[in-house]
Structure formats: structure tokens, C-alpha cells
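Residue-level structural notes
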Amino acid sequence: MGDQVLESVHDILGPGPDSNSQQVTEVPGSNGVLIDQPLSIGQEFPDVDTCRRTLKEIAISLHFEIRIVKSDRSRFIAKCSKEGCPWRVHVAKCPGVPAFTIRTLHAEHTCEGVQSLHHQQASVGWVARSVESRVRDNPQYKPKEILQDIRSQHGVAVSYMQAWRGKERSMAALHGTFEEGYQLLPAYCEQVRKTNPGSIASVATGQENCFQRLFVSYRASIYGFLNACRPLLELDRVHLKGKYLGMLFCAAAVDANDTLFPLAIAVVDVESAENWMWFMSELRKLLGVNTDSMPRLTILSERSAGMVEAVETHFPNAFHGYCLRYISENFRDTFKNSKLVNIFWNAVYALTTAEFESKVSVMVEISQGVLQWFHHFNPHHWAVAYFEGLRYDHFSLGITEVLYNWSLECHELPVVQMMEHIRQQITSWSHDRGDMGMRWTSILVPSAEKRISEAIADARCYKVLRANEIEFEIVSTERTNIVDIRSHVCSCRRWQLYGVPCAHAAAALISCGQNAQLFAEPCFTVHSYRETYSQMIYPIPDRSMWKEAGEGTEGGGANVDIMIRPPKTRRPPGRPKKKILRIESLKSPKRVVQCGRCHLLGHSQKKCCLPS
């Protein structure tokens, strides 16, 4: 650094020890904003840590390094790290008061300062203070972004590990450590039950009081499911990538407009048959006496052993359907034949057993191994023609995407902050959807209205023959269907499967002057949608306002006296491998139409070029 830099340093740091004036210094602070830094004889600091941080900020901003000569409870002495440079500061504790005062200051530099981008004062603690505001606003702030921002804002190069550790320290300062999160769980569960009466929140420990399980379900969610949602639940789980790993379980319902409605959330140490059995047991208790008055429940999940056994044990009367994404991926990986996969999807959506069997016959001609695969994957759990429950057009698990996003957003947060993030998001969804539902003036929600409109449009090409007051014969060029408007039944089975009148039912209803919208299931009405989101999830107070441990609990659950330790599982060293789950992979493959005349793929019978 030349004379210009030395003059700038002298101007900023203020006069020497023989001067009586004070100079105000403006240097960029750790947040990148110019701050006033008076540095002169007699200047006071509340404690030695503030003094040390202030000098580090000045040294980094002016590109010189300091070396601490002495630092104890009563004094702090530092000088320029370059040999022969006279810059030196002596700060000592004032008698009888906690403040520290600058006693001696040599403010001139004769050295050239730091010529490289690396700076000795750019420690992990300095990095943590520098990024604290950014981390508070964006927990997904990446170490790579941190080191780039520090270089552009402060002209200092830090390593990736420094950036990573700085973020970890900043996250701990903002949210507490992972260990503290587990210790707070009993008090947190008490707050959930206290602020949201009727909610379920419990935590359980294993050996040596290590965390094992956490279950939370809010009263507003329980009320919405039991009183307004269709009797359908999706089950899924996702791996957590935090310091102590673990799994996040979720059971979600589906509201009238086909959007997911989380019912219960659980965190467990590992995925095991025991933990799935516990989760389904808690879910059974949650539904309690209401299960007798509810229609038969349909549960959708993957075909994992622990999950299947838990459903069969605690919900023996429920219809258990498997996620078609999981089933189709297994079929595709087993046979690796695109033609077979396309025919498989046609078989999946076949409405009658005869149609399903015809598709299976075509697949068997291509590969004999199909029969063995079907023996292992029973169609009664996934094929439309055989599944006895009501899936309401939900064939793949929509909750998978939600859980994946939660794991990405929360993997660096302690368990209590993670649960709070999830609660806040569910609360936001409920508020927005409740407001949206109040603006609707129709009988049915938009998704059901759209399906009814399409059915009415298709109904115009059908011929209607009325047998009696309730039965109709619907004739088309393809086939004849029988509709019973009292029982809400059509021989094509779409009305029963999807809960809204199909095109044949719409034709029958229009012919007798009925409004087809009135014949949809109640779970598709705007009234049901509003009822789903009619209850409020109340906020949890800041933890500084929670009762001290030992004052007891309300509503059962673990006692707040318990000192819960982290689980035994810990994240292995090194950067964790991230499995990228693309949104496209969460959706079913596009169905390929098969001609009923020539049996070739890619076109329908109406567009077939072969003569009839």
C-alpha cells in the first residue's frame, strides 16, 4: 500500500495519543453497511469481546492484520502483525465499572498491509457474524454463496470449510443447537396442547433417554378431516439430512378441491416396522370413536413391509391401495420394455375386469414373466378394476412432493424449529384456502365443476332411454350403459369411483330435468371445503415465554422434566449425498392410447386408418 493508503488509514483511525480530538470512523460492518467506529483515546467498550470484534472489523476493512499481545479480564493489547509497524492499541478495564477504555493508541501504519485476499482476522466467528442476517432470512444460504458474497463485499477470501462452519455457528446462534432442540421437545409438546386444545402432541424416548419418536396433530386438522374431507389418507415418509438424521412421517387427507390436507406429522429416529406400528397406532387413537361413523377408510401408501403390516394391524377394515408410481417403476425396472409399460398403464386404468384381463393377455404374449410379476403384486391393491376402495382419482402419492420440500427447507434446523416451520406452512395454507373458499359462489369446488362440465359436454352425443323413475339406459356408438340416479351408480363405474356424475349419468340427469351438480358427493361441495378450513391453528409463543421445566404438563404426554438426549444415529462425515427428486418423476407417465381395432399404440379407434 502506498502513501495514499497510509494517509487513509491515519484519517480513519484517528489522531495519535498526543491529540485531544476524536475522529469518527466509517467502515463496512459484518452486515456490509457502513457503521460509525470512533477510535480514539478514552473511547469505551462495554466488554473486551466488543473491543476485539470492533478492531477485527477495522483491520479487515482496511486490509491490515493485528496480532493480540495480551487479552485477559482487565486489559487488551494488540499491534500490527507486520514487524516494525508502530500501530498499537492498549485497552484497559476502568476501575469499579465493567467498561474497557482505550488508554494508548498509535494510529499510524508504516507497513503495506495485507496484499493477498486471505486475512488472519477473517475467522469462523467473523464469518458467522457477517452472514447472520442473511441466514436468518434464508436458511438455505449455501456456503458457496457465502464465500462469494464475502469476497465481493469485504475483499476477503475464506475457504469453503470456513463458510460452512460460519453458517453452522450462525444457525446455532439464531435457532439453538440440535441438542437443545431435543431438550425442548417436552415443553414444545405442552405448548402445542395448551395453545391448541384438543390437539395431540407427544414425545417418546428410548434407551438412555435418547429421542425416539414425536407425534403432532392439530385439532383444526383433526376436525377438518373428520367433518369435511373424503375418507382418504396418504401415507409417506422422507429421510431427514440434519446432524442426527431421522425420518419424517406424514398422514395427509385430500380436501374437496383435490389439494393435500396434512393430518398428522411424526419424527422418528429410524424407519422401522416398530416405528410404523407406533405411528399407525397413534393415528388410530386420533380417529378414535369417529371411525365407526365414518365411511370405510382408503389408505394409500408405498408397498414397504413395515407400512403394510402396520396398516393391516391398526386399520384391518380399511382399503389399502399402493402408489402407482411405485408399482409402475417396479414394473418398468423389471421388464425394461416400453411397449409393455404402455399396455400396463392401459390395464391400470381399465374400468372393468374383462378389459383388464384382455390387457394382461396382450402383455403375456410379449413376456411370460408378467404372470409371475402379477402374482407378486396383487392387482387388488392398485388396479382400478379390482380395487374395492374409493381413491377419487388419486393413484400416486401427492404427499411425497410436500415431504421432499419440507426435508430440503428444514434439514439444517433443530427439531423444534423444523416442526414450527411445518406448522407455519400448514397455517398459511389453511388461511389462504379458507379465504379462497369464501370467495366461491358455486355449489361445487372448481375441480369438481370442471369434471361435471366435461361430462355434460360429452353427454350431448348419447341417446337416453328411460326405464323408470330412477333407471336409465344410455346408448352410444361404443356400448350401452345403465344408470341408477338414486344409488349414484353407472355401469361404466366412473360415477362410483370418482364421486361426481360421469357423462352417462349427466345425460340421464339432464333428460329428467335434474341439476347434475347436486348429484356429486358432499365432499366436493364448497360448503365442505369451507368446513375443512373453518378451524384455526393457533401460534406457539416464543420459547422465552414457555413455562420453566418442572411446572407440570397438561393433557398428558411426556413430562417437561425429562432431559431428552439426541438419538444415537449421526450424520457421517463429509458432504451428504443429495438425491435429486424431480417434480416430473412425481407424476404418472403419459398414457399412450391403444387402438381397439388394430391394437396398435398411438391412436384411438376413431382415428384408425384400417377399414372397419
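Quick notes on the rules
Every residue gets a number counted from 1 within its own chain, in the order that chain's sequence is written. Local features are withheld for residues below a pLDDT of 70 in this predicted model, meaning they are given only at 70 or higher, and side-chain atom pairs are given and counted only at 80 or more; totals for whole chains, interfaces and linings count all residues. Hydrogens are left out, water is left out, and the side-chain values use all remaining heavy atoms of the structure. Numbered from the N terminus, helices here are DSSP runs of H or I no shorter than four residues, and strands are runs of E no shorter than two. Buried means the residue's accessible area, taken with a 1.4 Å probe over protein chains only, is under 20% of the maximum for its type, while exposed means over 50%, and partly exposed covers the values in between. Only heavy atoms enter the contact rule, under which two residues are in contact if any of them lie within 4.5 Å. Values of accessible area rely on a 1.4 Å probe in the Shrake-Rupley scheme; residue burial ignores everything except the protein chains shown. Paired strands, as defined in this entry, are two strands with at least two bridges between them according to DSSP. Exposure above 30% relative accessible area and the absence of a salt bridge qualify a residue for a patch, where like charges join within 9 Å and nonpolar side chains (Val, Leu, Ile, Met, Phe, Trp, Tyr) within 5 Å. Salt bridge, as used here, is a side-chain nitrogen of Lys or Arg placed within 4 Å of a carboxyl oxygen of Asp or Glu. Convention adopted: a line fitted to C-alpha atoms gives each axis, helices being fitted over their contacting stretch, and angles between N-to-C directions are expressed from 0 to 180 degrees. With respect to orientation, any angle under 35 degrees is reported as roughly parallel, any angle over 145 as roughly antiparallel, any angle of 65 to 115 as roughly perpendicular, and every other angle as oblique. Gly falls in the polar group here, along with every residue not listed as nonpolar (Ala, Val, Leu, Ile, Met, Phe, Trp, Tyr, Cys, Pro) or charged (Asp, Glu, Lys, Arg). What pLDDT reports is the predictor's confidence in each residue, on a scale of 0 through 100. Throughout, nonpolar core names a set of buried Ala, Val, Leu, Ile, Met, Phe, Trp, Tyr and Cys residues whose side chains join them through atoms within 4.5 Å. Multiplying one less than the number of residues by 1.5 Å gives the expected span of a helix. Each Phe, Tyr or Trp ring (for Trp, its six-membered ring) is paired with any other whose centre lies within 6.5 Å, and the angle between the two planes then decides the class: stacked below 30 degrees, edge-to-face above 60, tilted in between. Put simply, a charge is over a ring when the Lys NZ or the Arg CZ is close to the ring centre, within 6 Å, and near the line of the ring normal, within 35 degrees. In protein, a polar contact means a hydrogen-donor-capable atom and an acceptor-capable atom, both N or O and within 3.5 Å, with residues adjacent in sequence counting only if both atoms are side-chain atoms; elsewhere, any N or O pair within 3.5 Å suffices. We call a pair of cysteine sulfur atoms a disulfide when they lie within 2.5 Å.

Right, let's get into the overall build of the chain. Helix and strand counts for the chain come out as 20 helices and 18 strands. Within the chain, the fraction of its 612 residues that count as buried is 48%. Nonlocal contacts in the chain, meaning residues at least 24 apart in sequence, comprise 62% of its contacts between residues at least 6 apart. In the form shown here, the chain has an accessible surface area of approximately 30300 Å², with 50% of it arising from carbon and sulfur atoms.

The next thing to look at is the sheet that holds strand 15 (residues 463-466). Whether parallel or antiparallel, the strands of a sheet pair through hydrogen bonds between backbone atoms. With antiparallel pairing, four strands are arranged side by side in an open sheet as 15-16-17-18. Bordering the open sheet on either side are strand 15 and strand 18 (489-490), each of which pairs with just one other strand. Two strands pair when backbone bridges link them, and strand 15 and strand 16 (residues 471-475) are joined in this way by four bridges, in the antiparallel orientation. The residue of strand 16 that forms the bridge with Val464 is Ile474.

Take the environment of Leu240 next. Along the chain, the position of Leu240 falls in the loop between strand 10 (232-239) and strand 11 (247-254). For the pair Leu240 and Val270, spaced 30 residues apart in the sequence, the C-alpha separation amounts to 9.9 Å. The residues contacting Leu240, other than those within four sequence positions of it, are Leu245, Gly246, Met247, Leu248, Val267 and Met418.

So, about a nonpolar patch on the surface. Residues Tyr160, Met161 and Trp164 make up a contiguous nonpolar surface patch of roughly 270 Å² in combined accessible area. Position of Met161 among the secondary structure elements: in helix 5 (residues 160-175). By relative accessible area, Met161 is classed as partly exposed at 40%.

This part is about the pairing of strand 5 (residues 75-80). Pairing of strand 4 (residues 66-71) with strand 5 involves five bridges; the strand directions are antiparallel. Bridging from a neighbouring strand, Ile66 pairs with Cys80 of strand 5. If you look at the hairpin formed by strand 4 and strand 5, you'll find three residues sitting between the two strands. Here strand 5 pairs with strand 6 (residues 88-93) via five bridges, running antiparallel. Counted as the bridge partner of Arg75 is Ala92 from strand 6.

Running from amino to carboxyl end, helix 17 (residues 446-459) crosses helix 19 (residues 503-511) at an angle of 70°, the nearest separation of the two axes being 8 Å. Between helix 17 and helix 19, the interaxial angle falls into the category roughly perpendicular. Note on element contacts: helix 19 touches helix 17 through Ala503, Ala506, Ala507 and Ile510, opposite Ala455, Ile456, Asp458 and Ala459. Here the residues of the contact of helix 17 with helix 19 sort into seven nonpolar, no polar and one charged.

A sheet is described by the order of its strands in space; here five strands give the open sequence 3-7-6-5-4, paired in antiparallel fashion. Two strands in the sheet have a free side with no partner beyond their single neighbour: strand 3 (44-45) and strand 4.

Across the chain, the average pLDDT comes to 82, with 84% of residues at or above 70. The model gives residues 579-590 a pLDDT under 50, and that stretch makes 16 contacts with residues more than four places away or in other chains.

On the secondary structure map, Ala172 appears in helix 5. Separated by 242 residues in sequence, Ala172 and Pro414 place their C-alpha atoms 8.9 Å apart.

This part covers the nonpolar core. Nonpolar side chains in soluble globular proteins tend to be buried together. Residues Leu214, Leu248, Phe279 and Leu283 are the most contacted members of the largest nonpolar core, which totals 118 residues. Not counting residues within four places of it along the chain, the set of residues in contact with Leu248 comprises Asp236, Arg237, Val238, Leu240, Ile265, Ala266, Val267, Leu403, Trp406, Met418 and Ile422. Of all hydrophobic cores here, the second largest spans 31 residues; its members include Leu340, Val348, Val360 and Ala385.

Our focus in this paragraph is the packing of helix 13 (residues 353-366) against helix 14 (residues 369-376). For any two helices packed against each other, the geometry is given by the interaxial angle and the distance between the axes. Direction vectors running N to C along helix 13 and helix 14 enclose 130°, while the axes themselves pass 8 Å from each other. When the axis of helix 13 is compared with that of helix 14, the two are oblique. Facing Phe356, Val360, Met363 and Val364 of helix 13, the residues of helix 14 in contact are Val370, Leu371 and Phe374. Residue classes in the contact of helix 13 with helix 14 are distributed as seven nonpolar, no polar and no charged.

Turning next to helix 17. Taking 1.5 Å per residue as the helical rise, helix 17 with its 14 residues ought to reach 20 Å, and the 20 Å between its terminal C-alpha atoms agrees with that figure. Those residues of helix 17 hidden inside the fold are in contact with helix 19.

In this section: unusual backbone geometry. Unlike most non-glycine residues, Asn209 shows phi in positive territory, near 60°. Structurally, the position occupied by Asn209 is in the loop between strand 8 (200-205) and strand 9 (211-217). The phi angle at Asp393 is positive, at roughly 70°, despite the residue not being glycine. Turning to its location among the elements, Asp393 is positioned in the loop between helix 14 and helix 15 (399-410).

As a further point, take the packing of aromatic side chains. Across all of its chains, the model carries 31 aromatic pairs by this definition. Judged by centre distance (5.8 Å) and plane angle (90°), the rings of Phe344 and Trp373 are edge-to-face. One end of the pair, Phe344, is in helix 12 (residues 338-348); the other, Trp373, is in helix 14, with 29 residues separating them in the sequence. Accessibility classification places Phe344 together with Trp373 in one group, the buried group. Between Trp345 and Tyr349, the ring centres sit 5.7 Å apart and the planes meet at 25°, which makes this aromatic pair stacked. Lying over the aromatic face of Phe315, Arg284 brings its terminal NZ or CZ to 5.7 Å of the ring centre.

The subject of this paragraph is helix 2 (residues 48-61). Look at helix 2: 20 Å from first C-alpha to last across 14 residues, which is about the 20 Å you get at 1.5 Å a residue. Listing the buried residues of helix 2 in full gives Val48, Thr50, Cys51, Thr54, Leu55, Lys56, Glu57, Ile58, Ala59, Ile60 and Ser61. At the N-terminal boundary of helix 2, the capping side chain belongs to Asp47, with an oxygen 3.2 Å from the backbone nitrogen of Asp49. His63 lies just past helix 2 and shows a positive phi near 60°.

Counting across every chain of the model gives zero disulfides. This cysteine, Cys85, is not joined by any disulfide, and Cys111 carries the nearest cysteine sulfur, 3.7 Å off.

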